[in-house]
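Working through the structure, step by step
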Amino acid sequence: MDDLTIRPAEPSDYQSVISTLDDWWGGRHMSDMLPKLFFVHFHQTSFVAEQDGKIIGFLIGFLSQTFPDQAYTHFIGIHPDHRRGGLARDLYRNFFAAVRKHGCRTVHCVTSPVNKASIAFHLRMGFSIKPGNKVIEDILVTENYDGRGGDRVLFVKSLEA
Ligand SMILES: CC(C)(COP(=O)(O)OP(=O)(O)OC[C@H]1O[C@@H](n2cnc3c(N)ncnc32)[C@H](O)[C@@H]1OP(=O)(O)O)[C@@H](O)C(=O)NCCC(=O)NCCS
């Protein structure tokens, strides 16, 4: 891709990201799950992909305070016109390199069972699905993980070669 830059996310990127977030998720209401604090307090482990001054992808992640050898990806999204070109893989590459420097050995994330693209993508990225307590369409799911009926697929990826 021409003129593509991947750089740490800045608080000033927030408005651009949040204004298109639900559209990028196919109309699902996701924006409440991404308050600005992530762009302020997790700047070193969050990235945006910018082309011609426009944000076309982002990854919001952080280091676990509870488990110092673990990192967590909260959100990753790519503009619909820029998918399937390796951009999310590139964002993850930056994230993995950043958290490795802090001694992280595994990366964790969760996704909704309805998000088949996210499940397929994370499996292609080398994540494994953690054991759950329910099976939905052959996928192991953890029931009510996020409360209010929020079943989730739990992923883990080792950063060790
Ligand atoms: C999921 C998403 C981030 C993938 O972004 P992307 O830039 O298209 O992904 P990449 O091109 O880097 O793909 C990386 C790998 O995943 C695979 N992949 C990506 N999307 C896929 C899909 N929908 N189905 C199957 N495989 C997929 C690619 O084929 C590639 O595999 P390969 O390198 O082995 O060939 C993007 O589709 C998106 O933003 N979706 C909406 C938001 C979302 O659901 N985010 C994830 C939950 S937080």
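Just so we're clear, the structure is a prediction, and the values are computed from it rather than from any experiment.

**As for unusual backbone geometry**
Backbone geometry at Arg84 places phi at a positive 65 degrees, although glycine is not the residue there. You will see that Asn144, though not glycine, has its phi angle at about 55 degrees, which is positive. For Asn144, the position within the fold is in the loop between strand E8 (139-141) and strand E9 (153-158). Exposure remark for Asn144: the relative accessible area of 40% places this residue in the partly exposed category.

**Let's talk about the layout of surface pockets**
Of the volumes computed, that of the largest pocket is approximately 1200 Å³. Every residue lining the largest pocket is counted, 41 residues in all, and those nearest its centre are Ile76, Asn115, Ala117, Ser118 and Phe121. Of all the secondary-structure elements, those providing two or more residues to the lining of the largest pocket are strand E4 (70-78), helix H3 (87-100), strand E5 (106-111) and helix H4 (116-124). Its residues placed into classes, the lining of the largest pocket shows 18 nonpolar, 15 polar and eight charged. Computed from the structure, the second largest pocket encloses a volume of approximately 210 Å³. Every residue lining the second largest pocket is counted, 13 residues in all, and those nearest its centre are Gln70, Tyr72, His108, Lys130 and Tyr145. Elements with a minimum of two residues in the lining of the second largest pocket: E4, E5 and E9. When the residues that make up the lining of the second largest pocket are grouped by side-chain class, the tally is nine nonpolar, three polar and one charged.

The rules behind each value
- Residues numbered from 1 in each chain as written.
- Predicted model: local features only at pLDDT ≥ 70, side-chain atom pairs only at ≥ 80, totals over all residues.
- Heavy atoms only, no water.
- Helix = DSSP H or I, 4+ residues; strand = E, 2+ residues; numbered from the N terminus.
- Buried < 20%, exposed > 50% of the residue type's maximum accessible area, 1.4 Å probe, protein only.
- 1 Å grid on protein atoms, 1.4 Å probe; cavity = no way out; pocket = protein on both sides within 12 Å on 5 of 7 lines; lining within 4 Å.
- Points joined across faces, edges and corners; volume = space filled by probe spheres on them.
- Nonpolar A, V, L, I, M, F, W, Y, C, P; charged D, E, K, R; others polar.

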